[in-house]
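Residues per chain, in single letters:
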Amino acid sequence: MDYTINNYRAKKIDGKYFVTTDHGSFCVLDDDEFRKLKQNNIKDDLRRKLEEREIVLTNNNISEAIRLQKNRDNFLFRGTSLHIIVTTLRCNMNCIYCHASSKNENESKYDMDLDTAKKTVDFIFQTTSDNITIEFQGGEPLLNWNIIKYITKYAKEKNKILKKRLNLTLVTNFTTMDREKMQFIINEGICVCTSLDGPKELHDQNRKYKSESNYESVIYWIREFKKEYEKIDSRNEINALVTITKASLKFPREIVDEYVKNKLKIIHLRFLNNLGYAHKLWNEIGYTSDQFITFWKEAVEYISDLNKNGIKIEERMVQIMIQKISSEFDPNFLDLRSPCGAAIGQLTYNYDGNIYTCDEGRMIGEDLFKLGNVKTDTYKDIVTCDKACAVINASLNDQYYCDNCVYKPYCGVCPVCNYAEQGNIIGKICQTERCKIYFEQFNWLVKEKYINSRT
């Protein structure tokens, strides 16, 4: 026998077997083919089929299997690339699910000062990554506008010497946007993302703004940014995020239609995390994994129908999962990889300079995921400290349940969500709502794209 059967996992879906390897290759087998694989009775066409996907290893494909494994895990050797700066914890809205546990807009003590901003940028540029994305978050980051301008200018000046690939992004509710800010953002090439939770009534129910509506402001500035981008023939796109609450579950099509109406090409139907204010109100605004999946399936099937009729919009999680399954390179979506993005993929810098493993790590209301401070620690200190290593280790999907799952090569674990849901960074994964949701999303995608399309 001149071949070895590679380590594989399999799941039967609609009468076919979806088979995956550790390095992410997959194959769809019928009953007879899978039986022969199990019995090690592999010949002729079946052998060629399995050899092509490295499910059996030979002298002809062992180097390819190694290359694919190296490419899939290449993010492990890059260094931290995403750096989230909380310019202020203040916010002028009162979103019912606020993960950041924002503070009142008048409490200026929660603003990042100039010295902390400078030290934060200096810290960020210590990363070993050739790519740096600085993302401004809050609170509402525009409430500390001068710090955004300072960081933008200082980071670009610093990068003239270090010559990294620098990207800047801003997450804003648009309530304090004006022409001057918009022009600065466009001139400096800052990518913009806002929140749009659906039609007006639903958006304003989820995202409360004083006694006014936030919806009109969001729609107005989405359209204004689009107009400006079109004038300068920019490839930049205004992006929006939707967070699904219990109230959203009744409106899968209406939410998609809102994005189509405003010419937004991507919609990310994000399930609610049990963090921040959402944790306190979970019984009122939360839901089960089954309820979310019912909503999500209707929405993505509706999107598929729209695409068939020439209306272009894509669901981001579908895009990510297709890329994870079909590409030899991981798309580096930090929430869905092993190890996850904590510390080695992203770091979050609070207004006071405190450094957290990730954006979610700052949201649990305690310092469990705090790694240090930009004023006292170096990048090397932070990413090699015991706490960072412990969190990274807890994010590996090598526990028994994950190791037997066909989607292991494409999935990941979140220690912060485990802690929020179960009180332990090493969770009982099969019991978490997060696992149940991702599992069913993968099931739907594999069935629709890789099983039924091949029958």
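Coordinates for the structure precede this section.
Thresholds, definitions, all that
- Residues numbered from 1 in each chain as written.
- Predicted model: local features only at pLDDT ≥ 70, side-chain atom pairs only at ≥ 80, totals over all residues.
- Heavy atoms only, no water.
- Pairing = 2+ DSSP bridges.
- Helix = DSSP H or I, 4+ residues; strand = E, 2+ residues; numbered from the N terminus.
- Axes fitted to C-alpha atoms, helices over the stretch in contact; angles between N-to-C directions.
- Salt bridge = Lys/Arg side-chain N within 4 Å of Asp/Glu carboxyl O.
- Buried < 20%, exposed > 50% of the residue type's maximum accessible area, 1.4 Å probe, protein only.
- Disulfide = S-S within 2.5 Å.

Draft legend 1. Representation of the sheet that holds strand β19 (residues 354-356) within the structure. One open sheet holds the 9 strands; their spatial order is β16-β14-β12-β11-β10-β6-β18-β19-β20, and the pairing between them is mixed. Edge strands, defined here as strands with exactly one partner in the open sheet, are β16 (269-271) and β20 (370-373). With strand direction ignored, the average angle separating the axes of adjacent strands in the sheet is 25°. Relative to β16, strand β14 (residues 239-244) runs parallel, the two being bridged by 3 bridges. Considered in β16, the bridge of Val-242 is made with Leu-269.

Draft legend 2. Up close: the pattern of salt bridges. This structure, assessed with the given rule, holds 35 salt bridges. A salt bridge links Lys-49 to Glu-33; its shortest N-O distance comes to 3.2 Å. One end of the pair, Lys-49, is in helix α2 (residues 44-52); the other, Glu-33, is in helix α1 (residues 31-38), and 16 residues separate them in sequence. Owing to a relative accessible area of 27%, Lys-49 belongs among the partly exposed residues under this scheme.

Draft legend 3. Broad picture of the state of the cysteines. Under the defined criterion, the tally for this structure stands at 0 disulfides. Considering cysteine sulfurs only, Cys-95 is the nearest to Cys-91, which forms no disulfide, with 6.1 Å between them. Between Cys-389, a cysteine without a disulfide, and Cys-385, which holds the nearest cysteine sulfur, the sulfur-to-sulfur distance is 6.7 Å. Using a relative accessible area of 38% as the deciding quantity, one classes Cys-389 as partly exposed.

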